[in-house]
Amino acid sequence: MTFIIGAACVDLKDRACVQECPVDCIYEGERKLYVNPDECIDCGACEPACPVEAIISDRELSDDFEPYLADSAAFFQTVLPGRTEPIGAPGGARQTGPIAADTDLVRSLPNRTA
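Residues numbered from 1 in each chain as written. Predicted model: local features only at pLDDT ≥ 70, side-chain atom pairs only at ≥ 80, totals over all residues. Heavy atoms only, no water.

Counting residues in each nonpolar core, the largest one holds 14 residues, and the members touching the most others are I5, I26 and I55. Going through the elements one at a time, β1 (3-5) and β3 (33-35) are the ones with two or more residues in this core. Residues in contact with I55, not counting those within four places in the same chain, are F3, I4, I5, C17, C46, E47, C50 and F65. One finds V10, Y34, I99 and V106 within the second-largest nonpolar core, a separate group that totals 11 residues. (Core = buried A, V, L, I, M, F, W, Y, C linked by side-chain atoms within 4.5 Å. Buried < 20%, exposed > 50% of the residue type's maximum accessible area, 1.4 Å probe, protein only. Helix = DSSP H or I, 4+ residues; strand = E, 2+ residues; numbered from the N terminus. Contact = heavy atoms within 4.5 Å.)

So, on to the environment of Y27. With respect to the helices and strands, the residue Y27 is situated in strand β2 (residues 26-28). A relative accessible area of 0% places Y27 in the buried class. Along the sequence, Y27 and L80 sit 53 residues apart, while their C-alpha atoms lie 14 Å from each other. Excluding residues that lie within four positions of it along the chain, Y27 makes contacts with K32, L33, Y34, N36, E39, F75, F76, P90, G91, G92, A93 and T96. For Y27, the side chain forms a polar contact with the side chain of E39, separated by 2.7 Å. Polar side-chain contacts of Y27 include one of 3.0 Å to the backbone nitrogen of G92. (Polar contact = N/O pair within 3.5 Å; in protein donor to acceptor, adjacent residues only side chain to side chain.)

Before going further, it helps to examine the pattern of salt bridges. Applying the stated criterion to the full structure yields 6 salt bridges. Here D11 makes a salt bridge to R31, at a shortest N to O gap of 2.8 Å. One end of the pair, D11, is in the loop between β1 and α1 (16-20); the other, R31, is in the loop between β2 and β3, and 20 residues separate them in sequence. Between R94 and D24 there is a salt bridge; the shortest N-O distance is 3.5 Å. Taken as a pair, R94 in helix α4 (residues 93-96) and D24 in the loop between α1 and β2 lie far apart in primary sequence, 70 residues in all. Connected through shared salt-bridge partners, K13, R15 and E28 make up one network. (Salt bridge = Lys/Arg side-chain N within 4 Å of Asp/Glu carboxyl O.)

Structure representation (structure tokens):
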């Protein structure tokens, strides 16, 4: 099981969830944060830390979050723009630092900061 970060995080990236994650499995894309489903231990520490309620357990998935389940996996399993290989499960976000890319879904969303 894992947690999913949805649309409310796009162009916001508050990062309070990152500070609460005991296993460092929340990675920073260009416009959104992503939980690595292979590294998440399902502790739930991230969910109450999010000030915009952008995080939900995959067991409680609502229609609003449904597209972000596959999107989260795609961030780690596909080759993102500007990269030569998938991110995979490198063992923590601190090792990779911010990733200057996002999934097709997130890139297709209107920019809320412009």
